[in-house]
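Structural features, examined
As a plain string of letters, each chain reads:
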Amino acid sequence: MATKKSLRINTQLVHAGERGETPHGKPVSTPIYATATFTYDSMAEVDQVFAGEKQGYIYTRYGNPTTAALAEAVRVLEEGTIACAYSTGMAALHAAIFACELGPGTTILASQDLYGATIDLLYKVLGSYDIKTETADFSDIQGLRKKALEVSPRVLIAETISNPLLKICDIAACVEIAQEVRARFIVDNTFASPYLCQPLKHGADFVVHSATKYLGGHADVMGGLVVARDEVDLQALVGVMKLVGGVLGTWEAHEILRGLKTLAVRMDRQCENAASLAAYLSSHGRVSRVHYPSLTTTQNLDLMKRVLRSPYAGALVSIELQDNTREAAFRFMDALNLCVRSTSLGDVFTGVLHPATASHRETAPKRRLQLGITEGLVRISVGIEDIRDIIEDIEQALEKSSEVDQFRKGGSARA
Ligand code: PLP
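The rules behind the values
Residues numbered from 1 in each chain as written. Predicted model: local features only at pLDDT ≥ 70, side-chain atom pairs only at ≥ 80, totals over all residues. Heavy atoms only, no water. Buried < 20%, exposed > 50% of the residue type's maximum accessible area, 1.4 Å probe, protein only. Helix = DSSP H or I, 4+ residues; strand = E, 2+ residues; numbered from the N terminus. Contact = heavy atoms within 4.5 Å. Axes fitted to C-alpha atoms, helices over the stretch in contact; angles between N-to-C directions. Left-handed = near helix turned anticlockwise from the far one by under 90°. Nonpolar A, V, L, I, M, F, W, Y, C, P; charged D, E, K, R; others polar. Near = heavy atom within 4 Å. Polar contact = N/O pair within 3.5 Å; in protein donor to acceptor, adjacent residues only side chain to side chain. Areas by Shrake-Rupley, 256 points an atom, 1.4 Å probe, with all protein chains shown as cover. Pairing = 2+ DSSP bridges. Disulfide = S-S within 2.5 Å. Domains from an automatic or database assignment. Buried area = accessible area lost by both parts, 1.4 Å probe. Patch = residues over 30% accessible without salt bridge, like charges linked within 9 Å, V, L, I, M, F, W, Y side chains within 5 Å. Salt bridge = Lys/Arg side-chain N within 4 Å of Asp/Glu carboxyl O.

Now for helix 5 (residues 116-126). Restricting attention to buried positions, one finds in helix 5 the residues Gly116, Thr118, Ile119, Asp120, Leu121, Leu122 and Leu126. The secondary structure elements touched by the buried residues of helix 5 are helix 4 (89-98), strand 2 (107-111), strand 3 (132-136) and strand 4 (155-159).

Where helix 3 (residues 65-78) meets helix 10 (residues 250-260), the axes come as close as 8 Å, and the angle between the chain directions of the two elements is 35°. The hand of the helix 3/helix 10 crossing is left-handed. Of the residues in helix 10, those in contact with Thr66, Thr67, Ala69, Leu70, Ala73, Val74 and Leu77 of helix 3 are Thr250, Ala253, His254, Ile256, Leu257 and Leu260. A per-class count over the contact of helix 3 with helix 10 returns nine nonpolar, four polar and no charged.

Attention now goes to the site of the ligand. Every one of the 16 residues lining the ligand counts as a neighbour, but Gly89, Met90, Asp188, Ser210 and Thr212 are closest to it. Measuring from an oxygen atom of the ligand, one finds a side-chain N or O atom of asparagine 163 at 3.4 Å. Contact between the ligand and threonine 212: an oxygen atom at 2.6 Å from a side-chain N or O atom of the residue. Out of a free accessible area of 390 Å², the ligand has 92% covered by protein chains. At three residues, the largest contribution of residues to the shell around the ligand is made by helix 4. Here the shell around the ligand is composed, by residue class, of six nonpolar, seven polar and three charged.

Take the sheet that holds strand 8 (residues 287-291) next. Read from one edge to the other, the open sheet built from five strands follows the order 8-9-12-11-10, with strand pairing classed as mixed. Each edge of the open sheet is held by one strand with a lone partner, namely strand 8 and strand 10 (340-341). Pairing between strand 9 (residues 316-321) and strand 12 (residues 377-381): five bridges, direction antiparallel. Bridge pairing links serine 318 to arginine 379 in strand 12. Strands strand 8, strand 9 and strand 12 of the sheet are contacted by helix 11 (residues 263-281), whose axis makes an angle of about 15° with strand 9. The sheet strands contacting helix 13 (residues 326-334) are strand 9, strand 10, strand 11 (351-353) and strand 12, and the helix crosses strand 9 at an angle near 125°.

A few words on the sheet that holds strand 1 (residues 82-86). As summarised here, the arrangement of the seven strands in space is 1-7-6-5-4-2-3, forming an open sheet in which the pairing is mixed. Bordering the open sheet on either side are strand 1 and strand 3, each of which pairs with just one other strand. Strand-to-strand, the axes of this sheet are offset by a mean angle of 20°, without reference to chain direction. By the bridge criterion, five bridges tie strand 2 to strand 3 in an arrangement that is parallel. When the bridges of strand 3 are listed, leucine 109 appears paired with glutamate 134. Docked against the sheet, helix 4 engages strand 1, strand 2, strand 4, strand 5 (184-188), strand 6 (206-210) and strand 7 (224-228), running at close to 165° with respect to strand 6. Strands strand 4 and strand 5 of the sheet are contacted by helix 7 (residues 171-180), whose axis makes an angle of about 155° with strand 5.

A disulfide bridge is the covalent bond that connects two cysteines by way of their sulfur atoms. Taken as a whole and judged by the stated rule, the model has zero disulfides. Free of any disulfide, cysteine 84 has its nearest neighbouring cysteine sulfur in cysteine 100, separated by 14 Å. Among the residues examined, cysteine 84 registers a relative accessible area of 5% and is labelled buried.

Quick look at the domain arrangement of the chain now. The figure often quoted for interface size is the accessible area lost as the parts come together. Its domain assignment divides the chain into domain 1 (56-260) and domain 2 (263-414). A straight line from the C-alpha centre of domain 1 to that of domain 2 covers 26 Å. Contacts between the two partners involve 37 residues from domain 1 and, on the opposite side, 38 residues from domain 2. When domain 1 packs against domain 2, close to 3,100 Å² is buried across both sides, 63% of that on carbon and sulfur atoms.

Residues Ile9, Leu13 and Val14 make up a contiguous nonpolar surface patch of roughly 340 Å² in combined accessible area. Mapped onto the secondary structure, isoleucine 9 falls in helix 1 (residues 9-15).

Following this line, the structure appears as structure tokens:
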């Protein structure tokens, strides 16, 4: 704003330099539009924008150019029709579920292998509105179909690569079941990212991301996205943004946009490192089991190839220690010097998490064991470091935890 000379200092402090002409020349990367609201030359124009007769931004909770640029980028990557950004992955999941028009008495059929907080969202939040959740093993397609026919769900929900046992979802087969029972299918694609899988191309209705993970990639930002295949869902997705209000901040949108640019390079390295680590650990005497999609049956390998970008199997590896106890897992994790004890995944550094005390903390111990989440299970999100350093760190930590074992058994630490 060009301030008049007659204005006093207190007024100039507020207005000087603000709301100038839109600069000439397009910025080559999206600026952070750090503004809560937008103004127009006349009230008639404001009215037209409010009415949707004229394109424009009004209020950042309704939309903002920086967050819109991120949503558009992820829409393109997922090959969807519309996309919306939210403050976290959980907010995005909630929005996608809301768009499915659930009401009291309706049912969600969820994969039993979902992230713990997603299960809690379904039971504790949606359950309090009398929306029922049933779970099923989505890797048993016949069983899933039987259950879907039995409970007539309005929504099916699963993860492309499940947390933390890394089971691959046969998205196309689940889509067939969803269509048979006229349900919509939400896929949480957080563990795969659009670089490894595009669930809408397999027929899913919604893709959800916790952008906090691979999309951002640097452990410095939280965010979530929903991409839908059908334009009709726009109103509901924007409605949640406007009325529930979990909108993504513009700074965060900018950080995630920047993260996206290196997603492919990061993922290539992370998946290669993860495959090497999984191969190394699969013959390690201190590890009783390695969960990694390419270390399974031929049938699962075919599924992996159909769902994920070849030759990759993802960038997470979950291991069970020989001494399958919480103490052994903690000893191993505490002995790590390079790998970070971190309550997240998908970052440039290698991070380790103990599912029983973190992602599935709220799941009852008995249920955790039924799901295969044992006390000695450790999830490793493999980073972009030199794989030799990652392996050396894990090797020394496994050795240290074994020293304690031998002390406990009365043996020599170095024997
Ligand atoms: N979906 C999956 C698979 C996750 O692992 C997480 C978080 O760990 C979320 C959703 C929730 O994301 P956020 O923490 O960004 O809310």
